[in-house]
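Each chain, written out:
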Amino acid sequence: MTSVLYDAQGPRAKRRNILYTVLFALVAAAVVWWVYDGLASKHQLDWIKWKPFFTSSQPWETFIWPGLQNTLKAAFFALIIALPLGALFGIGRLSDHRWMRMPSGVVVEFFRSIPVLILMIIANAVYSEYTNISTDTRLLYAVVTGLVLYNASVLAEIVRAGILSLPQGQTDAAKAIGMRKGQTMVFVLVPQAVTAMLPAIVSQLVVIVKDTALGGAVMTFPELLASVRPMAANYGANTIACFTIIAVIYIAVNFTLTSFASWLERRLRRGKKSTGAVVGTGPGGAPTTVGAPVVVMDSSAS
């Protein structure tokens, strides 16, 4: 039996694939055992090192929850600032006016080429030198500024690509009914491109959440990952346990974001499939919608 894409496997190919599967499973099991044996030999899996996270609320209230709050706060502020800026620069790169298109392209390419950590460090130095912001608040400002500058540039390219992915007929139809370019962009192209851009935007939001850890690693910003060091010092050098708990929290937060984005995307797609407004009934009582004229035959004409 063959398919359009590939031929059906013969007996030798099936035996070879079974052999490869068994070998891969054995190698994976060996790696898992090697990791487990290494951790167990160093007493990293002892219950005493994991006990504080399951029997007491102190590590959660003292270290994890404050760090998670700072992570979510920095990510939230970075997103709500970077998203409109990215949309503005993305649309600016599509402008017919050179005075708008060229500066937008320069800003996007410049900040997209610089590592976000360098942007955080520069922002922290600028705030320290030219402002009177307190140290704790300054670190938050620096992290958010670095995230905004970098991710706004990335989001600008996402917006530009999403708009360019739409069929040319959408623009032609808008021009045919007399819409100006600005109206076409705001009322026709951007709303349709949102659905196409949503997965990439949420993926960038996940990147923003994870990149907040750079501020804690270099500039002592008290975010989630930075809570590992004081926790490990207070609970008997249980570094592996601390990193594992923090990793699970990151997974939970990012999985929640991606699940919400998937739900929102499905909802938007369903909404676009049922945008017609029922205005009457056609032959046989079938409903008709705006833009779908139905010719009704007069029975007396026959």
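In case you missed it, the structure is sitting above this.
Keep in mind that this is a model prediction, so the values were computed, not measured.

Analysis parameters
- Residues numbered from 1 in each chain as written.
- Predicted model: local features only at pLDDT ≥ 70, side-chain atom pairs only at ≥ 80, totals over all residues.
- Heavy atoms only, no water.
- Salt bridge = Lys/Arg side-chain N within 4 Å of Asp/Glu carboxyl O.
- Helix = DSSP H or I, 4+ residues; strand = E, 2+ residues; numbered from the N terminus.
- Buried < 20%, exposed > 50% of the residue type's maximum accessible area, 1.4 Å probe, protein only.

A.B. asks: Any chance you could explain the pattern of salt bridges here in plain terms?
C.D. replies: Two side chains of opposite charge can pair, provided their charged atoms sit close to one another. Taken as a whole, this structure holds six salt bridges when the rule is applied. Of the charged contacts in the structure, one is a salt bridge between aspartate 96 and lysine 181, with a shortest N-O distance of 4.0 Å. In this pair, aspartate 96 is assigned in the loop between helix 3 (58-92) and helix 4 (98-113) and lysine 181 in helix 8 (residues 181-219), connecting sequence segments 85 residues apart. Between glutamate 109 and arginine 112 there is a salt bridge, with the nearest N and O atoms lying 2.9 Å from each other. Residue glutamate 109 and its partner arginine 112 are both found in helix 4; the two are separated by three residues, about one turn of the helix. The partly exposed category is assigned to arginine 112, whose relative accessible area is 32%. Taken together, the salt bridges that share partners define one network made up of Arg93, Glu109, Arg112, Glu157 and Arg160.

A.B. asks: Please explain the environment of leucine 117 as it appears in this structure.
C.D. replies: In this structure, leucine 117 sits in helix 5 (residues 116-130). Considering only alpha carbons, one finds leucine 117 and alanine 217, 100 residues apart in sequence, at a separation of 9.9 Å.

The quantities given are spatial measurements derived from coordinates; they are silent on function.
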